[in-house]
Amino acid sequence: RAVLISLNLYNGNYDYLCQSTFLIEFSQGGSLVASFKQNVLKTDLWHGEYFEGWQLAASIPEMFLYTATIANMVQFGLKLARVHRVTGSFASSFRDGWNVVEALWFSLMLVAIVLRLAYYLDGDRKAFDIWSSSYTELANLALHYQLAFILDSCTILMCAVKSIKFFALQPDLAMLKGTLAQAFKDLYVFVILLLTILAGFVIMALNIFGAQAESYKNFINSFGTLFLILLGEFDFDEMWAVDLQWAVIFFLLYVIFMFF
């Protein structure tokens, strides 16, 4: 049914590991579907040398960020406690959308820090020895490592959203902020409808081309491929190679319908 090849690669120059998984699936229709995943990870997290010499350029800002995050969370918690003491509930605090954004921001940063601590204390990470003669599967450890960085990127997104709050400091930006606030309801409905229709086309593409075309092998790939088509970047030959008739029908329906 399938052949799975898993291996760990090491780059000594950067002290990074790359966990690679190659999958070859044999469909019941006789076709071969090949795919791969590669995750970069570092098992030497917060080791002794990280706090010495030139590594201080990275370790000091990182520790400062953790300290500042925890201090801000404590300050935010005290502010909520004061509101609760006066009003008897937390509801009044979260009527302000910016407080909701701030709470989400702190929550994401806290989860990212906890994930890093969990990774540091993970038994598989501690037990891994690059010089061992036996093979150690690192797929789960690599996903754990990657998830912490994904959450980091989410905190940056929340930080960018929060920056809109400071548009009020400049008249022209304040006008832009007011316009976006008034248009939010209409934009919200439009985006929901757009994503719903796009999801229908994604499922259609997955069923037509997914068994043979790499770009449509799963829902996420299909979604990304169809979104790029809306931006004018597409590979029609890949669809053509699967089925010419359905490639033409699907492409015309999708482009015309979505653009209208």
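Everything here concerns the structure above.
Definitions and limits used
Residues numbered from 1 in each chain as written. Predicted model: local features only at pLDDT ≥ 70, side-chain atom pairs only at ≥ 80, totals over all residues. Heavy atoms only, no water. Core = buried A, V, L, I, M, F, W, Y, C linked by side-chain atoms within 4.5 Å. Buried < 20%, exposed > 50% of the residue type's maximum accessible area, 1.4 Å probe, protein only. Contact = heavy atoms within 4.5 Å. Helix = DSSP H or I, 4+ residues; strand = E, 2+ residues; numbered from the N terminus. Lys, Arg positive; Asp, Glu negative; His and termini not counted. Salt bridge = Lys/Arg side-chain N within 4 Å of Asp/Glu carboxyl O. Polar contact = N/O pair within 3.5 Å; in protein donor to acceptor, adjacent residues only side chain to side chain. Axes fitted to C-alpha atoms, helices over the stretch in contact; angles between N-to-C directions. Left-handed = near helix turned anticlockwise from the far one by under 90°. Nonpolar A, V, L, I, M, F, W, Y, C, P; charged D, E, K, R; others polar. Phe/Tyr/Trp six-rings, centres within 6.5 Å; stacked < 30°, edge-to-face > 60°. Lys NZ or Arg CZ within 6 Å of the ring centre and 35° of its normal. Pairing = 2+ DSSP bridges. Expected span 1.5 Å × (residues − 1). Arc of directions from axis to C-beta.

1. Notes on the nonpolar core
No. 1: Phe209, Tyr216, Leu226, Met239, Phe250 and Tyr254 are the most contacted members of the largest nonpolar core, which has 17 residues in total.
No. 2: Once residues lying within four places of it in the same chain are set aside, the contact partners of Tyr254 are Leu198, Phe201, Leu226, Phe227, Ile229, Leu230 and Phe259.
No. 3: With 13 residues, the next largest nonpolar core counts Leu41, Tyr50, Tyr66 and Ile113 among its residues.

2. Considering the side chain of Glu238
No. 1: If you trace the backbone, Glu238 turns up in helix α7 (residues 236-242).
No. 2: No salt bridge is formed by the buried Glu238; its nearest oppositely charged neighbour, Lys217, is found at 9.9 Å.
No. 3: At a separation of 2.7 Å, a polar atom in the side chain of Glu238 contacts the side chain of Ser215.

3. Comments concerning the packing of helix α6 (residues 219-230) against helix α8 (residues 244-259)
Relative placement of two packed helices is described by the angle separating their axes and the distance separating the axes.
No. 1: It is the contact of α6 with α8, at a shortest axis distance of 10 Å, that shows an interaxial angle of 65°. Relative to α8, the crossing made by α6 is right-handed. Every residue of α8 that contacts α6 at Leu226, Phe227, Ile229 and Leu230 is listed here: Phe250, Phe251, Tyr254, Val255, Met258 and Phe259.
No. 2: Considered class by class, the residues forming the contact of α6 with α8 number 10 nonpolar, no polar and no charged.

4. Observations concerning the packing of aromatic side chains
No. 1: Taken as a whole and assessed by the stated rule, the structure comprises 18 aromatic pairs.
No. 2: The structure contains a cluster of three or more aromatic residues connected by ring pairs, namely Phe201, Phe209, Tyr216, Phe250, Tyr254 and Phe257.
No. 3: Of note, Lys42 hangs over the ring of Tyr16, and the distance from its end group to the ring centre comes to 5.1 Å.
No. 4: Over the face of the ring belonging to Phe149 we find Arg116, whose NZ or CZ atom lies 4.8 Å from the ring centre.

5. Structural notes on the sheet that holds strand β2 (residues 16-26)
No. 1: Spatial strand order, β1-β2-β3: 3 strands in an open sheet with antiparallel pairing. Each edge of the sheet is formed by a strand with only one pairing partner; in this case those strands are β1 (2-11) and β3 (32-41). Each neighbouring strand pair of the sheet contributes to a mean axis angle of 15°, computed without reference to strand direction.
No. 2: Against the sheet, helix α4 (residues 139-162) engages β2 and β3, with an angle of about 60° to β3.

6. Side note on α6
No. 1: For α6, which comprises 12 residues, the first-to-last C-alpha distance of 17 Å matches the rise-based estimate of 16 Å (1.5 Å per residue) to within 8%.
No. 2: Taken as a whole, α6 has its buried residues at Ser222, Thr225, Leu226 and Ile229. For α6, the angular spread of buried residues about the axis comes to 95°, placing them on one side.
No. 3: Where α6 begins, the side chain of Asn218 points an oxygen toward the backbone nitrogen of Ile220, at a separation of 3.3 Å.

7. What about helix α1 (residues 56-87)?
No. 1: Spanning 32 residues, α1 covers 46 Å between terminal C-alpha atoms, matching the ideal 46 Å at 1.5 Å per step.
No. 2: Buried within α1 we find Ser59, Glu62, Tyr66, Thr69, Phe76 and Leu80.
No. 3: Phi turns positive one or two residues past the end of α1, at Gly88, with a value near 90°.

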